[in-house]
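One letter stands for each residue in the lines below.
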Amino acid sequence: MAAGVAAWLPFARAAAIGWMPVANLPMPVAPTEKNKRQDELIILNVSGRRFQTWRNTLDRYPDTLLGSSEKEFFFNEETKEYFFDRDPDVFRSVLNFYRTGKLHYPRYECISSYDEELAFFGIVPEIIGDCCYEEYKDRKRENAERLMDDQEDNKDAKLPNMTFRETMWRAFENPHTSTMALVFYYVTGFFIAVSVITNVVETVPCGSSPNMKEVPCGERYTVAFFCMDTACVMIFTVEYLMRLFAAPSRYRFMRSVMSIIDVVAILPYYIGLVMTDNEDVSGAFVTLRVFRVFRIFKFSRHSQGLRILGYTLKSCASELGFLLFSLTMAIIIFATVMFYAEKGSSSSKFTSIPASFWYTIVTMTTLGYGDMVPKTIAGKIFGSICSLSGVLVIALPVPVIVSNFSRIYHQNQRADKRRAQKKARLARIRISKTGSSNAFLHSKRNGLFNEALEFTVRPEEQRLSKSTSLLESQHHHLLHCLEKTTVSAHALPEPNQSTNHEFVDEQYYQQSYLEAGLQSYPSRSPSLSSQDGVTGTCCTRRSKKHHTPLPNASAPAHMQPLTHTHQQCLQELSTIHIQPLSTSRSSLNMRVDEPAPLNCQSSQITTAIISIPTPPVTTPEGDAHLPAGPTHQNVVKVSAL
Amino acid sequence: MLNAIWETEGLQTVGIVVLVFASIKLLHLLGLISFSEDSVEDELELSAVRHRPEGLEQLEAQTRFSRKELQILYRGFKNECPSGVVNEETFKDIYSQFFPQGDASTYAHFLFNAFDTDHNGSVSFEDFVMGLSILLRGTIQEKLNWAFNLYDINKDGYITKEEMLDIMKAIYDMMGKCTYPVLKEETPRQHVEVFFQKMDKNKDGVVTIDEFIDCCQNDENIMRSMHLFENVL
């Protein structure tokens, strides 16, 4: 029931008195309104802009935030108003919904921000009024397509545990993933071209022998063409069977368009093999050869433009249908008119109405072959009207098809552009993530610094702690607690020291990893590569410290579980960092649970750090850290951006 | 000889063309074909009325509502009908929303006529508020009077069986199809018979206002139900 109509309920109830004299049975008791309070104005303060409305207005929709008691959570006691820290522009539409009962979607508003506001205020978008619903749905669809393109880009990541079948399927679908696939792609493309050219050249009359008339090449060099055809069909068959084997759902694959094209391309050959003996059906056999030309459609796997064209035609099916229908109507009308106009003239080519169809079609499409021309004046007049109207009728549905094609084409272009920019985008993501992990390591250093000095200099500690905001310090404290929580699982050479794991930078980690000689160990977290900040200080310090209790031969054995948990810690860090960044940008959803091979090569980005010569400070926590060579002390790296 | 052929053909063609155009013009003149279709909307624009009700004090004096109640009523009224008047279509729409299962348009039509006391085809705020005042705050006499006015479709002072049957059918239409027990064709008719038996004292086939009021005042159920909606506003 619409909101405004609720205001009329008292009227409808009052009008029910009209039924009373007619009714035979006693009426039920009316519900009484307890604590009926007077209508009051309430103030809604949305980011500073004050909206005022009657309380009853908001009560019209009790299942939304403003209509229910949920708004009490936002009540500000001092100012006696409800404060919402949201966008006031979108709130206008929300409040208008309560007032008028119709939800409107403003065109200039971003669709996702609008959706978020609606979700916040508990309003279902489906009740958007008819005036704005089309626009809303269109924008939403566009947005979804855009996001879907982003998702698809991430699909290219290779899972390590793919079966052979899955690998093959992936190679078929995305040729740029491996060189094998690329080779296969080009080879099949080449053979399709060869096959098509063979078909064409077969019919060209080549060199006449002195005794015979001109024969097409196909009949002259039968064996050669047959061998060529056989080779192509062999390749196509093998390809089709391989695709069939690799397809995740064979039934669905067999129903897909491309597979049907494949089958149609190779079937005539096999049928021809079977049927060459029978003379009667050789005519049909010749017809079958026509189907060989369908091999050219196999190119659509290789060309994206062809796919777009096909998709456009499919999506414009109704416009094309309308075009066909209107053309048919016009053809019949004009053919009839021309026939009767030309009936009188002698030796007229317009012998019947179907015979006039040809003239009409040729004229309407402005071809004008000239094999049939009207001779009477009436015929000429109607003929000219026919050609003019032909131009109009054909020109009308074409813009619709064109705009559809343009939309799909631009979408594809956008997807390609995004793929190209993906690298730069990932780089930007890495920098921002590095920044935050840097901050943590940096503050940890300072923190450790402070812990050592806390009983000495108070102001210094305060000064240092002021450089980080409250949020950051709390975050760092959290990560610190996490470090403390993780305990090494194995006994270590120094049992009197409690050991735990710590967050380190990637450089240090890589070095130690390489030294441990555990290159084959599958490491986790793609965001490892993002932690490119090197605060060499803490690690060098620690490495320097623990150089003395040089690990014996047993250390490498212990390193394995340590590195594993290391990765987990680092991964934890990265997961923590990822969440705040990527809540709204789906493209940044790096799936951290997806293990990726550690790229031991140096990452593209390193940030500048300058290590400070560290005083030999004993740290309260011991580390069972991996020894590292003294090579990366006092290292200065320059940003390679 | 060729000239002769061309002449005849030319004349034929000209004749055909002239005939076709003349017939089109004739049809246009007769108004059967219209080439431009914007003539209808111009009329509608002018007839959109803006009605402003009388002042609050006057309405307060004429009805039994307090100032605040009138304010609330007017706000709801104006919200749904920004132009200030309700025409029958809007009225039917609004009323139908309360009875989604059935067809409330017939009853809404009768109700509209009952509210539209000056019979000008639209219910202004004054009409609305007067009607409500009677229904919610009026005496029993006034309410019964109002109900009689509702049933008396042609406002001649008598309720005939046909009028009552119309009203009854309209009420049953509002129920819709999905009822238990299933509504039969003769249910409204039977109901009307019962009503007339009760109301028509002198059995002359019509119910007058006095018979109606008398009978209702003697019926306990009806009396009790008249007080049902008193606290609506």
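Residues numbered from 1 in each chain as written. Chains lettered and ligands numbered in written order. Predicted model: local features only at pLDDT ≥ 70, side-chain atom pairs only at ≥ 80, totals over all residues. Heavy atoms only, no water.

> Please clarify how the interface of chain A and chain B should be interpreted in this entry.
Put simply, an interface is often sized by how much accessible area is lost when its parts join up. Contacts between chain A and chain B engage 39 residues on the former and 50 residues on the latter. At the boundary of chain A with chain B, total buried surface from both sides reaches about 3800 Å², with 70% on carbon and sulfur atoms. Between the two partners, chain A and chain B, sit 0 salt bridges. For the interface between chain A and chain B, the tally reads 2 residue pairs in polar contact (both at pLDDT 80 or more). At the level of elements, α1 (3–6), α2 (9–15) and α17 (377–395) of chain A are the ones that each hand at least two residues to the side of chain A that touches chain B. A breakdown of the residues in the side of chain A that touches chain B according to their chemical character gives 28 nonpolar, 6 polar and 5 charged. (Contact = heavy atoms within 4.5 Å. Buried area = accessible area lost by both parts, 1.4 Å probe. Salt bridge = Lys/Arg side-chain N within 4 Å of Asp/Glu carboxyl O. Polar contact = N/O pair within 3.5 Å; in protein donor to acceptor, adjacent residues only side chain to side chain. Helix = DSSP H or I, 4+ residues; strand = E, 2+ residues; numbered from the N terminus. Nonpolar A, V, L, I, M, F, W, Y, C, P; charged D, E, K, R; others polar.)

> Help me out: how do you make sense of the UniProt feature "transmembrane region" (unreviewed entry) in chain A in this one?
Under the UniProt annotation, the feature "transmembrane region" (unreviewed entry) is placed at residues 180–201, 221–241, 253–275, 320–341, 353–369 and 381–402 of chain A. Spanning residues 180–201 of chain A, this segment combines 100% helix with 0% strand, and its end C-alpha atoms are found 31 Å apart. (UniProt positions renumbered as here; feature names shortened; annotations may be inferred.)

> Hey, could you run me through the confidence of the model for chain B in this one?
Caution applies to low-pLDDT parts of the model: their predicted coordinates are not meant to be read in detail. Residue and element names in this part refer to chain B. Residues of chain B with pLDDT of at least 70 account for 91%, and the chain-wide mean is 82. In the model of chain B, helix α2 (residues 39–47) stands out as the element of lowest mean pLDDT, 51, in contrast to helix α6 (residues 105–115), which has the highest, 89. Two numbers describe this predicted complex: its pTM, 0.51, and its ipTM, 0.74. (pLDDT = per-residue confidence, 0-100.)

> Mind showing me how you'd approach the nonpolar core here?
Generally speaking, nonpolar side chains in soluble globular proteins are found buried as a group. Ranked by size, the top nonpolar core spans 67 residues in total, and within it Tyr-95, Leu-111, Met-164 and Phe-212 of chain B carry the most contacts. Residue contributions to this core peak at 8 residues, all from helix α9 (residues 161–175) of chain B. Among the nonpolar cores identified, the runner-up in size contains 26 residues, and Phe-51, Phe-91, Leu-95 and Phe-121 of chain A belong to it. (Core = buried A, V, L, I, M, F, W, Y, C linked by side-chain atoms within 4.5 Å. Buried < 20%, exposed > 50% of the residue type's maximum accessible area, 1.4 Å probe, protein only.)

> What's the story with the sheet that holds strand β3 (residues 75–76) of chain A in this structure? I'm lost.
Sheet strands pair via backbone hydrogen bonds, and the direction of the pair is either parallel or antiparallel. Residue and element names in this part refer to chain A. Read from one edge of the open sheet, 4 strands run β2-β1-β4-β3, paired in mixed fashion. The open sheet terminates on both sides in strands that have one partner only, identified here as β2 (49–54) and β3. Examined bridge by bridge, strand β1 (residues 41–46) and strand β4 (residues 81–84) share 3 bridges and lie parallel to one another. The residue bridging Asn-45 from the neighbouring strand is Phe-83, located in β4. (Pairing = 2+ DSSP bridges.)

> Would you take a moment to explain helix α7 (residues 164–173) of chain A for this structure?
Along α7 of chain A, the positions that sit buried rather than exposed are Met-168, Arg-170 and Phe-172 of chain A. The elements touched by buried residues of α7 of chain A are α8 (179–202) and α10 (222–246) of chain A.

> How should the UniProt feature "domain: EF-hand" (unreviewed entry) in chain B be read in this particular structure?
All names here are of chain B. Under the UniProt annotation, the feature "domain: EF-hand" (unreviewed entry) is placed at residues 103–138, 139–174 and 187–222. Along residues 103–138 the backbone is 67% helical and 8% strand, and the end-to-end C-alpha distance reaches 29 Å. Along residues 139–174, the helical share is 72% and the strand share 8%, with 28 Å between the first and last C-alpha atoms.

> Even after reading the chapter, I still don't get the pattern of salt bridges, so can you show me in this structure?
Pairing between side chains of opposite charge can happen when their charged atoms approach one another. All names here are of chain A. Using the criterion set out here, one finds 24 salt bridges over all chains in the structure. For Arg-49, the salt bridge is made with Asp-89, and the minimal N-O distance between the two is 3.1 Å. Separated by 40 residues along the polypeptide, Arg-49 in strand β2 and Asp-89 in helix α4 (residues 88–100) bring together distant segments of the chain. With a relative accessible area of 32%, Asp-89 lands in the partly exposed category. Linking Asp-262 and Lys-298 is a salt bridge whose minimum nitrogen-to-oxygen distance equals 2.7 Å. Linking Asp-262 in helix α12 (residues 257–275) with Lys-298 in the loop between α13 (282–290) and α14 (304–315), this pair joins segments that are 36 residues apart in sequence. Here the two residues Asp-262 and Lys-298 agree in accessibility, since each one is buried. Through salt bridges with shared partners, a single network forms among Glu-239, Arg-243, Asp-262, Lys-298 and Arg-301.

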